[in-house]
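Architecture and fold: a report
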Amino acid sequence: MTHENVIVFDDVVRQFKRGRDTLRVLDGCRFSIPRGEFVSVIGPSGCGKSTLLNLAAGFDQADRGRVLIEGETVRGPDARRGVVFQQYAIFPWLTVRQNIAFGLTLRASRRSKESREKVTEQYIDLMGLRGFEDSYPKELSGGMRQRVAIARAYATDPHVLLMDEPFAALDAQTREQMQELLHEIQLRERRSVMFITHSVEEAIFLSHRVVVLTNRPTRVREIVEIPIPMPRQADTRLTSEFVELRRHLEHLLREEATNTRRVA
Amino acid sequence: MTSATSSTSTETAPKGGRLNGGATRAAVGKVGYGLFGALLVVVLWFLIAVTGVVGNGLVPRPDEVAVAMWQRFAHSGLLFDLRVSVTRVLIGVAVGCLIALPVGFLLAWYPRIRAVFEPLVNFFRALPPIALIPLVIVYFGIGELARISILVYASFFAAVVVLYEGISSLDPIYVRAARALGATSWEVFSRCVAPASVPHLFTALRVALGVSWATLVAAELIAASRGLGAVIQTAGNFFQIPDIYVGIILIGCCALVMDYLLKVIQARATKWQERTQR
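Residues numbered from 1 in each chain as written. Chains lettered and ligands numbered in written order. Predicted model: local features only at pLDDT ≥ 70, side-chain atom pairs only at ≥ 80, totals over all residues.

**Details of the interface of chain A and chain B**
Going by this rule: Two residues qualify as a contact pair if the distance between their C-beta atoms, derived from the backbone, is within 7 Å. Numbering of helices and strands starts at the N terminus; helices are DSSP runs of H or I of at least 4 residues and strands are runs of E of at least 2. For this classification, Asp, Glu, Lys and Arg are treated as charged, while Ala, Val, Leu, Ile, Met, Phe, Trp, Tyr, Cys and Pro are nonpolar and the rest, including Gly, are polar.
Each side of the interface is counted separately: chain A has 33 residues, and chain B has 24 residues. Those elements that provide at least two residues to the side of chain A that touches chain B are β6 (81-84), α4 (142-155) and α5 (172-189) of chain A. Each residue belonging to the side of chain A that touches chain B can be placed in one class, and the counts come to 17 nonpolar, 11 polar and 5 charged.

**Quick look at the environment of Leu120(B)**
All names here are of chain B. Heads up, the condition is: Residue burial here comes from a neighbour count, namely the number of other C-beta atoms, placed from the backbone, that lie within 10 Å of the residue's own C-beta, with 20 or more meaning buried, 12 or fewer meaning exposed, and in between meaning partly exposed.
With respect to the secondary-structure elements, Leu120 resides in helix α4 (residues 111-126). A residue is classified by how many C-beta atoms lie within 10 Å of it, and Leu120, with 9 of them, is exposed. Taking the C-alpha atoms as reference points, Leu120 and Tyr164, separated by 44 residues in sequence, lie 14 Å from one another.

**Considering the sheet that holds strand β2 (residues 21-34) of chain A**
Counted only if it meets this: Strands qualify as paired when DSSP identifies two bridges or more between them.
The 4 strands lie next to each other as β2-β1-β4-β5 (chain A), forming an open sheet whose pairing is antiparallel. Because the sheet does not close on itself, it has two edges, and the strands there are β2 and β5 (72-73) of chain A.

**Quick word on the pairing of strand β4 (residues 64-69) of chain A**
Residues and elements named next belong to chain A. Bridging between strand β1 (residues 5-18) and β4 involves 5 bridges; their strand directions are antiparallel. Pairing of Val13 across the sheet is with Arg64, part of β4. Here β4 runs beside β5; their pairing, made up of 2 bridges, is antiparallel. Note that in β5 the partner of Leu68 across the bridge is Thr73.

**A word on the pairing of strand β8 (residues 192-196) of chain A**
All names here are of chain A. Stated formally: The definition of a right-handed crossover adopted here requires that, viewed with the strands pointing away, the path from the first strand over the helix to the second runs clockwise.
Judged by how many residues are buried, β8 sits mostly within the fold: 5 of 5 residues are covered. Residues of β8 alternate between two faces, with Ser192, Met194 and Ile196 on one and Val193 and Phe195 on the opposite face, all of them buried. By the bridge criterion, 5 bridges tie strand β7 (residues 160-164) to β8 in an arrangement that is parallel. Residue pairing in the sheet places Met163 in a bridge with Phe195 of β8. Crossover handedness for the path β7 to α5 to β8: right-handed.

**Quick look at the nonpolar core**
For clarity, the cut-off: By definition, a nonpolar core groups buried Ala, Val, Leu, Ile, Met, Phe, Trp, Tyr and Cys residues that are joined through C-beta atoms within 7 Å.
Counting residues in hydrophobic clusters, the biggest one holds 90 residues, and the most contacted among them are Ala56(A), Ala149(A), Ala151(A), Leu162(A) and Met194(A). If one sorts the elements of this core by residue count, α4(A) sits on top with 8 residues. Those residues in contact with Met194(A) that lie beyond four places of it in its chain are Ile7(A), Ile33(A), Val39(A), Val41(A), Leu53(A), Ala56(A) and Leu162(A). Among the nonpolar cores identified, the runner-up in size contains 48 residues, and Leu82(B), Val93(B), Val162(B) and Ala219(B) belong to it.

**As for unusual backbone geometry**
Keep in mind that most residues, glycine aside, have a negative phi and that most peptide bonds are trans. Residue and element names in this part refer to chain A. The residue after Arg216, namely Pro217, is reached through a cis peptide bond having omega -10°. With respect to the element layout, Pro217 can be found in the loop between β9 (209-213) and β10 (220-225). A cis amide bond links Met230 to the next residue, Pro231, at an omega of 0°. Its place among the elements puts Pro231 in the loop between β10 and α7 (240-258). Notably, Ala89 is not glycine yet its phi reads approximately 60°, a positive angle. On the secondary structure map, Ala89 appears in the loop between β6 and α2 (96-101). The backbone of Arg110 sits at a positive phi, close to 50°, despite the residue not being glycine. Structurally, Arg110 is set in the loop between α2 and α3 (113-126).

**Quick word on the domain arrangement of chain B**
Residue and element names in this part refer to chain B. Our working rule: The source of the domain bounds is an automatic or database domain assignment.
Once the domains are mapped, chain B shows domain 1 (17-59) and domain 2 (60-269). The straight-line distance from the C-alpha centre of domain 1 to that of domain 2 is 25 Å. Its residues placed into classes, the side of domain 1 that touches domain 2 shows 7 nonpolar, no polar and no charged.

**Observations regarding the packing of α4(A) against α5(A)**
Residue and element names in this part refer to chain A. Cut-off, in case you're wondering: Note on method: axes are straight lines fitted to C-alpha atoms, helices fitted across the in-contact stretch only, with angles between N-to-C directions ranging 0 to 180 degrees. In these notes the angle categories are as follows: under 35 degrees is roughly parallel, over 145 is roughly antiparallel, 65 to 115 is roughly perpendicular, and the rest is oblique. Crossing handedness is defined as follows: a turn of the near helix away from the far one that is anticlockwise and smaller than a right angle gives a left-handed crossing, while the clockwise case is right-handed.
Here α4 crosses α5 at 20°, and the two axes come no closer than 10 Å. Put simply, α4 runs roughly parallel to α5. Here α4 runs over α5; the crossing is right-handed. Between α4, through Gly142, Gly143, Gln146 and Ile150, and α5, the contact on the second element is made entirely by Thr174, Gln177, Met178 and Leu182. Here the contact of α4 with α5 is composed, by residue class, of 3 nonpolar, 5 polar and no charged.

**As for helix α7 (residues 172-180) of chain B**
Among all positions in α7(B), only Tyr174(B), Val175(B), Ala177(B), Ala178(B), Arg179(B) and Ala180(B) are buried. Those residues of α7(B) that are buried are in contact with α1 (49-57) and β6 of chain A together with α8 (185-221) of chain B. At the C-terminal side of α7(B), Gly182(B) shows a positive phi close to 100°.

**Describing the sheet that holds β6(A)**
Residues and elements named next belong to chain A. If you trace the 6 strands from one edge of the open sheet to the other, you get β6-β7-β8-β3-β9-β10, paired in mixed fashion. Each edge of the sheet is formed by a strand with only one pairing partner; in this case those strands are β6 and β10. Taking the axes of each pair of neighbouring strands and ignoring which way they run, one obtains an average angle of 15° across the sheet. By the bridge criterion, 4 bridges tie β6 to β7 in an arrangement that is parallel. Bridge pairing in β7 links Val83 to Leu162.

**Overview of the packing of helix α6 (residues 144-168) of chain B against α8(B)**
All names here are of chain B. As a packed pair, α6 and α8 sit with axes 7 Å apart at the nearest point and diverge in direction by 150°. Relative to α8, the element α6 is oriented roughly antiparallel. Regarding α6 and α8, the two cross each other, and that crossing is right-handed. Partitioning the contact of α6 with α8 into residue classes produces 16 nonpolar, 7 polar and 2 charged.

Below you can see the structure in the form of structure tokens.
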């Protein structure tokens, strides 16, 4: 059975206790990500983008509503969902190669040694990490660390990839290179990706569609289709279509940032 | 210049080889500075001994102490005392840390266990081992067991605090990352928590070694006839002041050498670790 929508957020509510008050972060979020699509989620700061991702990853549980991945309610983290973190989170005690192979060497993966090595070497090449495969993370730049993290997440062949502002800590130039690299990989592998970002440009460049969230308590403000054909190149960013989409999304964000909604 | 090329794979990264070469040179330089520091103290000591400004003229000159040390090595089996003490310290530290390791993991991993035992750990840690000697004599007698149990006690409480503080400082993001890759609880422990704790184990060992050497004299107060602590005791009883210095200097030197060896092993075992170099 194939599920048209790989990730489904069904009326998700999540609130946190803060002293005596409860802070309602997500207030009935409802959207889904179709198979093979790259979907970005943007919204004003503090609106709960990362909370959404934590729910999908299984690090956190919704207070109401459901998060479904391939038709199943998420109960906890597992290898069918790859996660890429903003802080890279690659293991400093392992080399680049060992980091990429980490998921493959766990009991859950059940792979032969040959296939493990093949996949690992393939991602070392794909991510441009050849020559650094025996280096420890401390010897790598931020961009390279994040490439290791992405390779590690892809290597276990997860059906769904969840990325939490993976390029936020990178400088502008490295960031664009990483976007282009990720775009290439996406075109090749066609995974279903949920990509959290605060950069409108990044969201448009990478995505099939962009989910815009409201300010807290958060709902979906609008889902914007990005009709720009793929593959996209560096100068796609300069086309009038791109700029027009950017204007629209930035307008939505600005409106939400100044607009504080009341809890009903 | 690394900025001339523009493909994605040319970001700069520090070269491992150059870094290590520099570190080795820095280490050699450090030893040099350390020797210089020791020389300064010896000179100062010599001046004090010769002028007699402090100590009522009872401060022996460094060369007198050196002669006493030579005599003791040659005629009264100082090497044996040294070996006895080193063995006691090693056993005490090994046993203490071996117990501290699982206890440290438990305290770090289970907040409830920690809530129950942390105050107790701090209570016992604060007790000076010397204060326990009468009780140790009552329960363990005056044999080797009594002396080593004091050292085990001292190193356990020193190590356990370092271990659980260190282990619980593990960034939870690594645990999340491992879980998201499909790791079981056991795999999270064996593949993340354990390797990330290795540096803390080394720190714990070094702290325990320091504390154990400091406790040695106390442990050897328990009717020991051999060992560096006993050397100091007997020399004190017979007013052989240079011999007291011999014992004290040897204890310091042993602690220094062991700490240095541990540091070298640690640098090799945790090559992956980021160190701030100043």
